[in-house]
Amino acid sequence: MTKARAYTNIALIKYWGKRSITEMIPYNNSISLTLDQFYTETSVTFTEATTQQKPDQFYFQGQWQAPTNKMTRVLTRIRQMAGLNRQAIIKSENFVPTSAGLASSASAFAALATAGSRAAGLNLSSRELSILARHGSGSASRSVLGGFVEWQAGTDDQSSYAQSLLDPVPFPIVVIALVVNTAPKKILSTAGMQHSVEHSPFYPAWVKTATAALAPMRAAIAQGDIEQIGKLGETNAMQMHATTLSANPPFTYFAPETLQIWQLVQEIRTKGLSCYLTLDAGPNPKLICAKQDVASITTQLHQALPKLAWTVCQPGPAVQIID
Ligand code: 2P0
C-alpha cells in the first residue's frame, strides 16, 4: 500500500476550456498557488487478483463504491505504464472543512496519481506525475507541485504538464477562502468550461487575454508584488466568468453574496488595504492579500456579514508520499 497527500490549488490565471477533451489539453497556460489548508490523502493497493477477476474498489466518505470514470482513466494509465493487470483498492479522504466550498478534484487526482504510480512500482518524475494527474482533472496537474505553479498547455499528451515557478514562497501572500454557499455546484466545471468554449462568442478573447496575462503574472510573482498578483488575478477571474455570462444560453457561478463580497472588497481597497478577489466554478470567493492585512480585512467582512465563514491559507507544499 502507498499513501500520498496532495494539496488543493487556486488558479490566479485560470484554465477554462480544453483544446482536446480526450487528451485533456487546455487552450491556455494557467498559473496557480498551492494552498496549505486543504488536502486529500489517498492510499492505493494493487491486490493479487486481476482486473478480470475483481473490479477496482474505492472507499470514500464511509462507503465502498465503484471508482469514477476519471479515476479509472488514471488507474488504466498507471497499469499500462507499469505493465500490470491487478485490481486496485483505493481509499481516499478529503481534509477540506466540510463547509469550505472548495473543489477537491485537484488534490484528489494529484494524490491518486502519486500513490497509484508508486504502489505499481513506478518512480515517476514530477513532470510525469503532472501528466498523469492531468488525465484525472486538469487542475490536478498543478497540485503535484507546491507554491506558485504554471501548467504549460502544450500541444499533446507529453508536452502538457505543470512546472514550479516559485517554491518555497518567500513573501507573505495569503488566500482567504470565504464560504457563502456549500450546496453542490449546479454546473460542474467540466461541463461549464465546454459550454463556454462552444457557445460564448467571447471565448477566443478569453484565450488571448489569459495568455497575455501570463508574463505580467510571472513578473509579479518573481518580484513578490502581492498587490499586482491580486490585481491580475481578479481581472483574469472576471474575464473567465464573462465567458459564462456571454454564452448562449448564459449561466453564472455567482451567488448574490458573491457580488456583495466583491463590492465589499472594493470598499476595503478604498480604505488603503490591498485585497483582491478570485472565484472558480462556484460562488465562494477567495481573497488575495498580504498576511499583515488579514485581521483588518476579516474584521470588516465580519462586520458586514456576521455569518460569513472563512479559512486563511498560506502557500502549500508539493504532493508527498506519507506511508
Ligand atoms: C482552474 N477550474 O484553473 C479552473 C478555474 C475551475 C475554474 O480547473 O474538466 O476540475 O476535470 O479538467 O480541473 C476546475 O476544473 O476540470 C478548474 P476538468 P477541473 O483551477
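Small disclaimer: the values here were computed from a predicted structure and weren't measured.

Peer 1: Got a minute to help me understand the environment of Gly154 in this structure?
Peer 2: Relative to the assigned elements, Gly154 resides in the loop between β8 (148-152) and β9 (161-166). Taking the C-alpha atoms as reference points, Gly154 and Tyr27, separated by 127 residues in sequence, lie 8.8 Å from one another. Aside from chain neighbours lying at most four places away, what touches Gly154 is Ile25, Ser159 and Ser160.

Peer 1: Is there a simple way to think about the site of the ligand in this case?
Peer 2: Taken together, 18 residues sit near the ligand, with Tyr15, Lys18, Ser137, Gly138 and Thr190 positioned nearest. Contact distances for the ligand include 2.5 Å between an oxygen atom and a side-chain N or O atom of Tyr15. Gly138 is positioned such that a nitrogen or oxygen atom in its backbone is 2.7 Å from an oxygen atom of the ligand. Here the ligand loses 95% of its free accessible area of 470 Å² to cover by the protein chains.

Peer 1: Can you help me understand the domain arrangement of the chain in this one?
Peer 2: Size of an interface: often given as the accessible area lost when the parts come together. In terms of domain boundaries, the chain breaks down into domain 1 (2-169) and domain 2 (173-313). Centre-to-centre separation of domain 1 and domain 2, based on C-alpha positions: 24 Å. Opposite the 31 residues of domain 1 that make contact, domain 2 presents 42 residues. Roughly 2900 Å² is buried in total at the junction of domain 1 and domain 2, and carbon and sulfur atoms are behind 72% of that figure. Between domain 1 and domain 2 we count two salt bridges in total. Here Asp280 makes a salt bridge to Lys14, at a shortest N to O gap of 2.6 Å. Applying the counting criterion to the domain 1 and domain 2 interface returns nine residue pairs in polar contact (both at pLDDT 80 or more). At the level of elements, β1 (2-13), β4 (30-50), β8 and β9 are the ones that each hand at least two residues to the side of domain 1 that touches domain 2. Ranked by residue count, the leading element in the side of domain 1 that touches domain 2 is β4, at six residues. When grouped by side-chain class, the residues that make up the side of domain 1 that touches domain 2 number 20 nonpolar, six polar and five charged.

Peer 1: Help me understand the packing of helix α2 (residues 105-119) against helix α3 (residues 126-134) in this model?
Peer 2: Contact geometry for α2 and α3: axes closest at 8 Å, N-to-C directions at 120 degrees. Of the possible angle classes, the one that applies to α2 and α3 is oblique. The way α2 lies across α3 gives a crossing that is right-handed. Counting all contacts with α2, which are made through Phe109, Ala110, Ala113, Thr114 and Ser117, the residues of α3 involved are Leu129, Leu132 and Ala133. Taken together, the residues of the contact of α2 with α3 break down into six nonpolar, two polar and no charged.

Peer 1: I keep staring at helix α10 (residues 294-304) and nothing clicks. Help me out?
Peer 2: What sets the pattern is the α-helix's 3.6 residues per turn: residues three or four places apart point alike. Along α10, the positions that sit buried rather than exposed are Val294, Ile297, Thr298, Gln300 and Leu301. Viewed along the axis of α10, the buried residues span an arc of 160 degrees, placing them on a single side of the element. Summarising the geometry of α10, the exposed residues directed more than 90 degrees from the buried face are Ala295 and Gln303. Those residues of α10 that are buried are in contact with β10 (173-179), α9 (256-270), β11 (275-278), β12 (286-290) and β13 (309-313).

The rules behind these values
- Starting afresh in each chain, residues are numbered from 1 along the sequence in its written order.
- Selection of residues for local features in this predicted model requires a pLDDT of at least 70, selection of side-chain atom pairs for listing and counting requires 80 or more, and totals for whole chains, interfaces and linings are taken over all residues.
- Side-chain numbers come from the whole structure's heavy atoms, not from hydrogens or water.
- Runs of H or I in DSSP of at least four residues are treated as helices and runs of E of at least two as strands, each being numbered from the N terminus.
- For this analysis, residues touch if any pair of their heavy atoms sits within 4.5 Å.
- Whether a residue is near a molecule or strand depends on its heavy atoms: it is near if one of them lies within 4 Å of it.
- Whenever two N or O atoms come within 3.5 Å, that pair is a polar contact, provided that in protein one can donate a hydrogen and the other can accept it, and provided that, for residues adjacent in sequence, both atoms are side-chain atoms.
- Using a 1.4 Å probe, the Shrake-Rupley method yields the accessible areas, and only the shown protein chains count as cover for residues.
- Domain start and stop points were drawn from an automatic or database domain assignment.
- Summed over both partners, the accessible surface that disappears when two parts come together, traced with a 1.4 Å probe, is what is meant by buried area.
- Each salt bridge in this description consists of a side-chain nitrogen of Lys or Arg and a carboxyl oxygen of Asp or Glu lying within 4 Å of one another.
- Under the convention adopted here, Pro, Cys and the residues Ala, Val, Leu, Ile, Met, Phe, Trp and Tyr are nonpolar, Asp, Glu, Lys and Arg are charged, and Gly plus all remaining residues are polar.
- To obtain each axis, a line is fitted to C-alpha atoms, and for helices this fit is confined to the stretch in contact; angles are then taken between N-to-C directions over 0 to 180 degrees.
- Any angle that falls under 35 degrees is termed roughly parallel, while one over 145 is termed roughly antiparallel, one within 65 to 115 roughly perpendicular, and all others oblique.
- Helix crossings get a hand from a simple test, with the near helix turned counterclockwise from the far one by less than a right angle marking a left-handed crossing and a clockwise turn marking a right-handed one.
- Using a 1.4 Å probe on the protein chains alone, a residue whose accessible area is under 20% of its type maximum counts as buried, one over 50% counts as exposed, and one in between counts as partly exposed.
- The arc in question is traced by the directions running from the helix axis to the C-beta atoms.

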